[in-house]
Amino acid sequence: MVEDDPINMELVIEIIKAVGFTADVAVTGEDAVKKTENEAYDLILMDIMLPGMDGIETTRIIKSKPGYKNTPVIALTAYAMKGDKERLLEKDFQDYVPKPINVPEFMKVIEKYKE
Amino acid sequence: MIIKALVVDDNKNDRMLLREMLASKNYEVTEGSDGAEALKSVKASRPDIIISDIMMPVMDGFKLLRELKNDERTKDIPFVFYTAYYVSEKDRELAEKLGASRYIIKPKDVRELLNEVETVLKEYEAGHVKPVEPIISTEEEYLSKYCEMVVKKLEGNISQLEAEITGRRQAEEKLRLSETKMRALVNTLRESENKYRRLVEQIPAVVYMSPPDAFTARIYISPRVEELSGYSEEEWLTDIDLWGKLLHPDDMQDVLLKVSDRFKEKISMEYRIIAKNGDVVWVRDEAILVKDAAGHPLFIQGIMQDITENKKTEVMQLENQRLMAASKIKSDFLANMSHELRTPLNAIIGFSELLEMKIAGELNEKQSRFVNDILVSGRHLLGLINDILDLSKVEAGKIEPVIEKIPVADAINEGLILIKEKARRHNIVLKVELDPNLKFIEADMQRFKQILFNLLDNAVKFSKKEGGTITITAKKEDSMAKFSVSDTGIGVKEEDLVRLFREFEQIDSGISRKYGGTGLGLSITKKLVELHGGNISVKSKFGEGSTFTFVLPIEQKKEEFK
């Protein structure tokens, strides 16, 4: 889970736990890249607007690493303008969840990736 | 001894000349202007010598000589012809036959004439030279000779006249030719002048000339100046400072400073003038100093163009650019604000939903209601944020309302639900007055509710501490539906009314702190009303309350929303 806002991070972690995942967190893109080098994750939730390197660039780097090519990445963003979803799905993201998060719908999305 | 001389000549000047010359040699001079006069003079007082011209009126020299020779008393007086005419040998012959002593042709040096005269006198005195006897004695012979002579003269005269006539004719011909040439030249010049005048007058600008040292005075100005300024060509040419008088007060100083400086090579300026009808006309004025080959200034030559339209376009373009820049800043601001608002809202809505889903455990009834309130308000706030984003799209012409036939009473009630709780907290009583004739209206339900909510929200927000009343009325007026929201709140000062619908303009910044809000509410409301083809207005009394009224068409024109 990559998110720079602590309250929103807490919210997402609560939801993820409710669905049955365990969560690790990173607050910057650089932090996230480091974490993926040390640990293998089954699902990545990526905020787009981050301090420093943004979510799009971070995802590109992570996806280029061995073992992460097929790891699903879900974009989580407050950029809920028309066209944002399409723009992000064209890149390395498998799913898109606009903020503010609709909790029941978000849960459904995550459920898809629970094996 | 004084010698008496008689000078006969019809030319006064010739006579005078001879007289003076003879007098200087101590001659006593008598004068006669023709033969008859001379004859009389001789009879009165015998001269010692006669000097005579030939051609004279009344009696010519030949006749005079003949008369003298026919008289015993005068036939021996020495007689000298001094003549410019009759220069042929025939004349000399006749003169000699008539008994003339000498025949001298003018213009001979007068001194030589005097010498001859003296010689003649000496010869005479010496007596060796007898006075010439007249050879012509008979009248007939004289007449025939005389006729011969006269005919000869006439022939000579005629040929001379002919020559003169020919000469004159040639001169006249020459004159006529040169006159024709001159006329052609003048025509060419005039045509050329007309050609250039037409060219100058055709130019969609005013062409002028001024003296090199007086820019304001005009020596020439093309007639189009009347279109430019309303003042005629004549008025410009007569009033040498008309230009200066017409200058716009704001431009006068700059312009006069430019031209008061000694006129250099060229000048180019833009300024305004006040035309005769009071219009402000923008002028581009470009002038150059024309010099002769030696570099001395001859005149100033310039062109004045009406650039009012250009200026208007320029001003409009600048204004457009400014507006577009302002619009972009606003759009960016709205996009950023929207993002920043969504982030905390995400937590509010998200955690509320988690609580509602009882993921954090069971809630009692009250907690459940509170969570629901948080959720409803949060979602409404989200809706508003979305609408603000929409508004920026409305302004960019990117949004289309979803028009449907909506029941007026239901729409108003739904709007009221959103504000009921807040009104209650402010001790405000809500009243609704509906017109039974106004059942439906064609509008975008979401936007209509938003308009109403915004006005109600403002009415509550700006109510007095002790509370008050908000009255909502709906009324059918012909093809329009008139809605109004009246409050008994703090009201708006008259001078602040115009600013109400402007974006980001709360009357003072203190309001924002005290009452909250972005300052966007009324401008969004106005935009939404206008989106429906309606209009909104406000009446207010400071300290007593305000009434916002918006009028919407009951039926929407379909094509407007295509």
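Residues numbered from 1 in each chain as written. Chains lettered and ligands numbered in written order. Predicted model: local features only at pLDDT ≥ 70, side-chain atom pairs only at ≥ 80, totals over all residues. Heavy atoms only, no water.

1. Points about the packing of aromatic side chains
Two measures describe an aromatic ring pair: the distance that separates the ring centres and the angle between the ring planes. All names here are of chain B. Tallied over the entire structure, the rule returns nine aromatic pairs over all chains. Here the aromatic rings of Phe215 and Trp243 are separated by 5.0 Å at their centres, their planes lie at 80 degrees, and the arrangement is edge-to-face. Placement of Phe215 in the loop between β6 (206-210) and β7 (220-221) and of Trp243 in helix α9 (residues 242-246) is noted, with a sequence separation of 28 residues between them. With a relative accessible area of 1%, Trp243 lands in the buried category. An angle of 20 degrees between the planes, with centres 5.1 Å apart, marks the rings of Phe483 and Phe550 as stacked. Here Phe483, found in strand β15 (residues 480-487), pairs with Phe550, found in strand β17 (residues 545-553); they are 67 residues apart in sequence, far enough to count as distant. Exposure class is identical for Phe483 and Phe550. Each is buried. Members of the aromatic cluster, joined through ring pairs, are Phe62, Phe79, Phe81 and Tyr103. (Phe/Tyr/Trp six-rings, centres within 6.5 Å; stacked < 30°, edge-to-face > 60°. Helix = DSSP H or I, 4+ residues; strand = E, 2+ residues; numbered from the N terminus. Buried < 20%, exposed > 50% of the residue type's maximum accessible area, 1.4 Å probe, protein only.)

2. Points about the packing of helix α1 (residues 6-19) of chain A against helix α11 (residues 308-356) of chain B
As a packed pair, α1 of chain A and α11 of chain B sit with axes 9 Å apart at the nearest point and diverge in direction by 30 degrees. What the angle tells us is that α1 of chain A and α11 of chain B run roughly parallel. The handedness of the crossing between α1 of chain A and α11 of chain B comes out as left-handed. Touching Ile7, Asn8, Glu10, Leu11, Glu14 and Ile15 of chain A of α1 of chain A are Thr343, Asn346, Ala347, Gly350, Phe351 and Leu354 of chain B, all from α11 of chain B. (Axes fitted to C-alpha atoms, helices over the stretch in contact; angles between N-to-C directions. Parallel < 35°, antiparallel > 145°, perpendicular 65-115°, else oblique. Left-handed = near helix turned anticlockwise from the far one by under 90°. Contact = heavy atoms within 4.5 Å.)

3. Let's talk about the sheet that holds strand β1 (residues 3-8) of chain B
Residues and elements named next belong to chain B. Spatially, five strands are ordered β2-β1-β3-β4-β5 in an open sheet, and the strand pairing comes out parallel. Each edge of the sheet is formed by a strand with only one pairing partner; in this case those strands are β2 (27-32) and β5 (102-105). On average, each strand axis in the sheet is tilted by 20 degrees relative to the strand beside it, whichever way the strands run. Across four bridges, strand β4 (residues 79-83) lies against β5 in parallel orientation. Residue pairing across strands places Phe81 opposite Tyr103, the latter belonging to β5. With respect to the sheet, helix α1 (residues 12-24) is in contact with β1, β2, β3 (49-52) and β4, its orientation differing from that of β2 by roughly 165 degrees. In this fold helix α3 (residues 61-70) packs onto β1, β3 and β4, with an angle of close to 180 degrees to the strand it touches most, β4. (Pairing = 2+ DSSP bridges.)

4. Brief notes about the packing of α1 of chain B against helix α5 (residues 110-126) of chain B
A packed helix pair is summarised by two numbers, namely the angle formed by the two axes and the spacing between the axes. All names here are of chain B. Where α1 contacts α5, the axes come no closer than 11 Å and their chain directions differ by 60 degrees. Judged by the angle between their axes, α1 and α5 are oblique. Regarding α1 and α5, the two cross each other, and that crossing is right-handed. Together, Leu17, Leu18, Met21 and Leu22 of α1 and Val110, Arg111, Leu113 and Leu114 of α5 make up the contact between the two elements. Looking at the contact of α1 with α5 residue by residue, the classes come out as seven nonpolar, no polar and one charged. (Nonpolar A, V, L, I, M, F, W, Y, C, P; charged D, E, K, R; others polar.)

5. Brief notes about the pairing of β1 of chain B
All names here are of chain B. Pairing analysis gives six bridges linking β1 to β2, with the strands arranged parallel. Within β2, the position partnered with Leu6 by the bridge is Thr30. With α1 bridging β1 and the parallel β2, this β-α-β connection has right-handed handedness. Here β1 runs beside β3; their pairing, made up of four bridges, is parallel. Residue pairing across strands places Val8 opposite Ser52, the latter belonging to β3. (Right-handed = clockwise from strand over helix to strand, strands pointing away.)

6. Remarks on the pattern of salt bridges
Residue and element names in this part refer to chain B. The full count for this structure, using the stated rule, is 35 salt bridges over all chains. Taking the shortest distance from any N to any O, the salt bridge between Glu193 and Arg197 comes out at 3.1 Å. With Glu193 and Arg197 both in helix α6 (residues 139-202), this residue pair falls four residues apart, about one helical turn. Arg284 is paired through a salt bridge with Glu270; the nearest N and O atoms lie 3.0 Å apart. You can see Arg284 sitting in strand β9 (residues 280-291) and its partner Glu270 sitting in strand β8 (residues 266-274), a full 14 residues away along the chain. (Salt bridge = Lys/Arg side-chain N within 4 Å of Asp/Glu carboxyl O.)

7. A look at the nonpolar core
It is characteristic of soluble globular proteins that their nonpolar side chains tend to be buried jointly. Residues and elements named next belong to chain B. The biggest cluster of nonpolar side chains holds 44 residues, and the ones touching the most others in it are Ile412, Phe448, Leu455, Leu456, Phe483, Leu500 and Phe550. Top element by residues in this core is helix α14 (residues 445-461). It accounts for nine residues. In contact with Phe483, not counting residues within four places along its chain, are Val408, Ile412, Leu438, Ile441, Phe448, Thr473, Ala474, Phe548, Thr549, Phe550 and Leu552. (Core = buried A, V, L, I, M, F, W, Y, C linked by side-chain atoms within 4.5 Å.)

8. Examining unusual backbone geometry
Following Lys99 of chain A, the chain continues to Pro100 of chain A via a peptide bond in cis, the omega torsion being 0 degrees. Mapped onto the elements, Pro100 of chain A comes out in the loop between β3 (95-98) and α5 (103-112). Phi at Asn26 of chain B is positive, roughly 70 degrees, even though this residue is not glycine. Examined against the element boundaries, Asn26 of chain B turns out to sit in the loop between α1 and β2. Residue class for Asn26 of chain B comes out exposed when judged on its relative accessible area of 58%.

9. Describing the interface of chain B and chain A
Each partner contributes residues to the interface: chain B has 16 residues there, and chain A has 20 residues. Carbon and sulfur atoms make up 72% of the surface buried where chain B meets chain A, a total of about 1600 Å² over both sides. Our count for the contact surface shared by chain B and chain A stands at zero salt bridges. Viewed at the interface, chain A and chain B are joined by five residue pairs in polar contact (both at pLDDT 80 or more). (Buried area = accessible area lost by both parts, 1.4 Å probe. Polar contact = N/O pair within 3.5 Å; in protein donor to acceptor, adjacent residues only side chain to side chain.)

10. Side note on the sheet that holds strand β2 (residues 73-77) of chain A
All names here are of chain A. On the basis of which strands lie adjacent, the open sheet formed by three strands has the order β1-β2-β3 and parallel pairing. Looking along the sheet, the strands with just one partner apiece sit at the ends: β1 (44-47) and β3. This sheet shows a mean twist of 25 degrees between the axes of neighbouring strands, independent of strand direction. Here four bridges tie β1 to β2, and the two strands are oriented parallel to one another. When the sheet's bridge partners are listed, Asp47 is paired in β2 with Leu76. Seen against the sheet, helix α3 (residues 55-63) touches β1 and β2 and runs at an angle of roughly 150 degrees to β1.

11. Remarks on α3 of chain B
All names here are of chain B. For α3, the buried fraction is high: seven of the ten residues fall into the buried class. Along α3, the residues that are buried comprise Gly61, Phe62, Leu64, Leu65, Arg66, Leu68 and Lys69. By the N-cap criterion, in which a side-chain oxygen at the helix start approaches the backbone nitrogen of a residue two or three places on, α3 is capped by Asp60, the distance to Phe62 being 3.3 Å.

12. Observations concerning the confidence of the model for chain B
Taken as a whole, chain B shows an average pLDDT of 83; of its residues, 90% reach a score of 70 or greater. As a predicted assembly, this complex carries a pTM of 0.39 together with an ipTM value of 0.75. (pLDDT = per-residue confidence, 0-100.)

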